Amino acid sequence: MKTKKVPLRVCAGCQEQKPKKELLRIVRTPDDLVEIDRTGKKSGRGVYVCADRECLDKAYKEHRLERSLKIVIHFFQRNFFLFLFSHSIPGSCLHNRQR
């Protein structure tokens, strides 16, 4: 029996190749909104980041998110994005709350 290939993606922060399911996908929608794509199926330009605050910070500071998404991310947008990011990481203090 053949073994299934595991799709790999590169984290924009640490630049390591990891299985796609371990990473969070950040997508720029056709309406130029930046969102976290939990399903991995939203249309638009996407970039993958580890579910780790350090990787997100590194990707932002080195402009890898902006380059990959082809959009400028301003400081106030970054802070709001970090808030959304903290809600999507399993095990974070706000992740298990009822929405």
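Small disclaimer: the values here were computed from a predicted structure and weren't measured. (Residues numbered from 1 in each chain as written. Predicted model: local features only at pLDDT ≥ 70, side-chain atom pairs only at ≥ 80, totals over all residues. Heavy atoms only, no water.)

Asks: Got a minute to help me understand the overall build of the chain in this structure?
Replies: Per the secondary structure count, the chain includes 3 helices and 5 strands. Along the chain, from the amino end to the carboxyl end, the secondary structure elements read β-β-β-β-β-α-α-α. Classification of the 99 residues of the chain by burial places 34% in the buried group. Within the chain, contacts between residues separated by at least 24 positions form 45% of all contacts whose residues are at least 6 apart in sequence. (Helix = DSSP H or I, 4+ residues; strand = E, 2+ residues; numbered from the N terminus. Buried < 20%, exposed > 50% of the residue type's maximum accessible area, 1.4 Å probe, protein only. Contact = heavy atoms within 4.5 Å.)

Asks: Would you mind going over unusual backbone geometry with me for this structure?
Replies: Across residues other than glycine, the phi torsion is negative in most instances, and most of the peptide bonds are trans. Phi is positive for Gln-15, close to 65°, though the residue is something other than glycine. Within the element layout of this structure, Gln-15 appears in the loop between strand E1 (8–10) and strand E2 (17–19). Of the residues examined, Gln-15 reaches a relative accessible area of 45% and is grouped as partly exposed. Its identity is not glycine, yet Lys-70 carries a phi of approximately 55°, on the positive side. Mapped onto the fold, Lys-70 is located in the loop between helix H2 (64–69) and helix H3 (75–88).

Asks: Sorry if this is basic, but what is going on with the environment of Arg-28 here?
Replies: In this fold, Arg-28 is placed in strand E3 (residues 23–28). Classification of Arg-28 as buried rests on a relative accessible area of 17%. In this structure the C-alpha to C-alpha distance between Arg-28 and Lys-70, which are 42 residues apart in sequence, comes to 8.5 Å. Among all residues touching Arg-28, those that are not within four sequence positions of it are Leu-33, Ser-43, Gly-44, Arg-45, Leu-69, Lys-70 and Ile-71. There is a polar contact of 2.6 Å between the side chain of Arg-28 and the backbone oxygen of Leu-69. (Polar contact = N/O pair within 3.5 Å; in protein donor to acceptor, adjacent residues only side chain to side chain.)

Asks: Sorry, what's going on with the nonpolar core here?
Replies: Nonpolar side chains in soluble globular proteins tend to be buried together. With 19 residues, the main nonpolar core has Cys-11, Ile-26, Val-47, Val-49, Leu-56 and Leu-65 as its most contacted residues. Elements represented by at least two residues in this core include exactly E3, strand E5 (45–50), helix H1 (53–61), H2 and H3. (Core = buried A, V, L, I, M, F, W, Y, C linked by side-chain atoms within 4.5 Å.)

What is shown is where atoms sit, not what they do.
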